[in-house]
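Here is how the chains run, residue by residue.
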Amino acid sequence: MHKIKIFFSILSLGILSSNIVIADQGITNPVHGKHVGEIVWSKKPIDFRSPNESSFQKTFNAGDAIYGRVYQKNAINNYQSYNNGSSSAIRDGGYEIRAIIDGKPIASSFGVFYDGNLSGKAASEWTTWRFSPYPENPEQGFEQDIANKWTKAVRGLTAGNHKIRFEAWGTQGQYKTKQPIAAGEFTLVLAAGDKISSTTKFPEDSYSGSDKDSLKQKMKRALVGPVAKNVSELTKMAIASEWKQGVYKKQIPRLEYRKITGIALWRDTNNDQLCRFVSYNFIQDKMASGWSPLRFHGFCNGCNEGEVDCQSK
């Protein structure tokens, strides 16, 4: 009896470690079936259930929106990844996007254009998903990140026709699929003077106080030293919150404070005509005579951050 239990335990472990294909969406429609392993492109969003193949494009001009859809054979978690002769099933929906412009790989971070994860059901079920380099109004997060990277990648291109290729690879840590799980190409046509504008807009103020202008100047000055060498490095500020009151709990007597978030727009330092903005927290302590001078408190994690066209700031 014990031998039977051990046998089934070993058998179960073998099954779990093998390349089992989990049921996924499969081929979602005839267009998907025709373009398996491809990334297709359009000037309008490509519908999941009823894609309009006649709208697919191979050529885009500077002002065109660019929408893509990835058509895979299997869901990402149903691919094997490899590294130095060993293999691993993809478990976490990991992928990376590689960009090649005129035959030259374009790296953004960690040696690739973009890396991310499809989570939950998306990783184990989706066989098609959106990848849009330049949508008209990108959503915050994935779409905005991709649009920002695309804008930077093509800013320095000269007038003429440019061959653009994107590849999607499955990943599991340092392991990668042997080949792209999908890839697609198009031609970007740039006329003299054309520029790919940033889809990002500098955030608006969300502060209702009457001292808005003076508070922005105080924020600029508070950044000098901790993050800036001088005020001239900062071209603009936005106030991203109202004051938030608090108390230092470990101090006796209890000392009150208030915090607020500001967004600083930095000058262009590499002549790509893109200016970076970053969110910071500021703080004041309650004194007998009022509030202490505003001081830098730290970076605002998870807050507004990005790049915007400098001339349209």
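Cut-off values and rules
Residues numbered from 1 in each chain as written. Predicted model: local features only at pLDDT ≥ 70, side-chain atom pairs only at ≥ 80, totals over all residues. Heavy atoms only, no water. Helix = DSSP H or I, 4+ residues; strand = E, 2+ residues; numbered from the N terminus. Rg over C-alpha atoms; globule rule 2.2 N^0.38 Å. Buried < 20%, exposed > 50% of the residue type's maximum accessible area, 1.4 Å probe, protein only. Areas by Shrake-Rupley, 256 points an atom, 1.4 Å probe, with all protein chains shown as cover. Lys, Arg positive; Asp, Glu negative; His and termini not counted. Charge placed at Lys NZ, Arg CZ, Asp CG, Glu CD. Pairing = 2+ DSSP bridges. Salt bridge = Lys/Arg side-chain N within 4 Å of Asp/Glu carboxyl O. Core = buried A, V, L, I, M, F, W, Y, C linked by side-chain atoms within 4.5 Å. Contact = heavy atoms within 4.5 Å. Polar contact = N/O pair within 3.5 Å; in protein donor to acceptor, adjacent residues only side chain to side chain. Expected span 1.5 Å × (residues − 1).

Colleague: How do you make sense of the overall build of the protein chain when you look at a structure like this?
Modeller: On a plain count of helices and strands, the protein chain comes out with 5 helices and 19 strands. For 313 residues, the compact-globule formula gives about 20 Å, and the C-alpha radius of gyration of the protein chain, at 25 Å, lies well above that figure. Summarising its shape, the C-alpha atoms of the protein chain cover approximately 80 × 70 × 35 Å along the three principal directions. In the protein chain, which comprises 313 residues, the proportion classed as buried is 44%. Accessible surface for the protein chain amounts to roughly 17400 Å². Of this, 51% is attributable to carbon and sulfur atoms. Each charge class in the protein chain was averaged separately, 41 positive and 30 negative side chains, and the resulting centres sit 6 Å apart.

Colleague: What's the story with the pairing of strand β15 (residues 255-266) in this structure? I'm lost.
Modeller: Moving residue by residue along a regular strand, the side chains alternate between the two faces of the sheet. Along β15, 9 of the 12 residues are buried, which leaves the element largely enclosed by surrounding structure. Note: strand β13 (residues 234-239) against β15, 5 bridges, orientation antiparallel. By the bridge assignment, M237 is partnered in β15 with A264. For β15 and strand β16 (residues 274-287), the ladder comprises 9 bridges, and the chain directions are antiparallel. By the bridge assignment for β16, I260 is matched with F282.

Colleague: Sorry, what's going on with the pattern of salt bridges here?
Modeller: A pair can form between side chains of opposite charge whenever their charged atoms are brought close. Taken as a whole, this structure holds 13 salt bridges when the rule is applied. Here K152 and D272 are joined by a salt bridge, their closest N and O atoms 3.2 Å apart. In this pair, K152 is assigned in helix α4 (residues 142-154) and D272 in the loop between β15 and β16, connecting sequence segments 120 residues apart. Of the residues examined, D272 reaches a relative accessible area of 15% and is grouped as buried. Between R295 and D285 there is a salt bridge; the shortest N-O distance is 3.1 Å. With R295 in strand β18 (residues 295-299) and D285 in strand β16, the pair connects residues that are 10 residues apart, well separated along the chain. Here R295 falls in the partly exposed class, since its relative accessible area comes to 34%. A single network of salt bridges, built from pairs that share partners, joins E96, R98 and K176.

Colleague: Just to check I follow, could you spell out unusual backbone geometry for this structure?
Modeller: The general pattern is negative phi for most residues beyond glycine and trans for most peptide bonds. One non-glycine residue, D102, lies in the positive phi region at around 55°. The backbone phi angle of Q273 is positive, close to 65°, even though this residue is not glycine.

Colleague: Looking at this model, I keep getting lost on the nonpolar core. Mind explaining?
Modeller: Within soluble globular proteins, side chains that are nonpolar generally end up buried alongside one another. Counting residues in hydrophobic clusters, the biggest one holds 34 residues, and the most contacted among them are I97, F113, W150, F166 and F186. Put simply, the parts of the chain that give this core at least two residues each are β1 (38-42), β6 (94-101), α3 (121-125), α4, β10 (160-172) and β12 (182-190). Among residues more than four places away in sequence, those in contact with I97 are V112, F113, Y114, W129, F131, F166, E167 and A168. Formed by 17 residues, the second largest nonpolar core is a distinct cluster that contains L223, W243, V278 and F282.

Colleague: It is not clear to me how the side chain of T199 should be interpreted in this structure. Could you clarify?
Modeller: Mapped onto the elements, T199 comes out in the loop between β12 and α5 (212-223). At 3.2 Å, the side chain of T199 forms a polar contact with the side chain of Q144. If we skip the residues at most four places from it in the chain, T199 touches Y134, P135, P138, Q144 and A147.

Colleague: Explain α4 here, please?
Modeller: Since the α-helix packs 3.6 residues into each turn, any two residues three or four apart lie on the same face. An ideal rise of 1.5 Å per residue puts 18 Å on 13 residues; α4 measures up with 19 Å between its terminal C-alpha atoms. Within α4, the full set of buried residues consists of E143, Q144, I146, A147, N148, W150, T151, A153 and V154.

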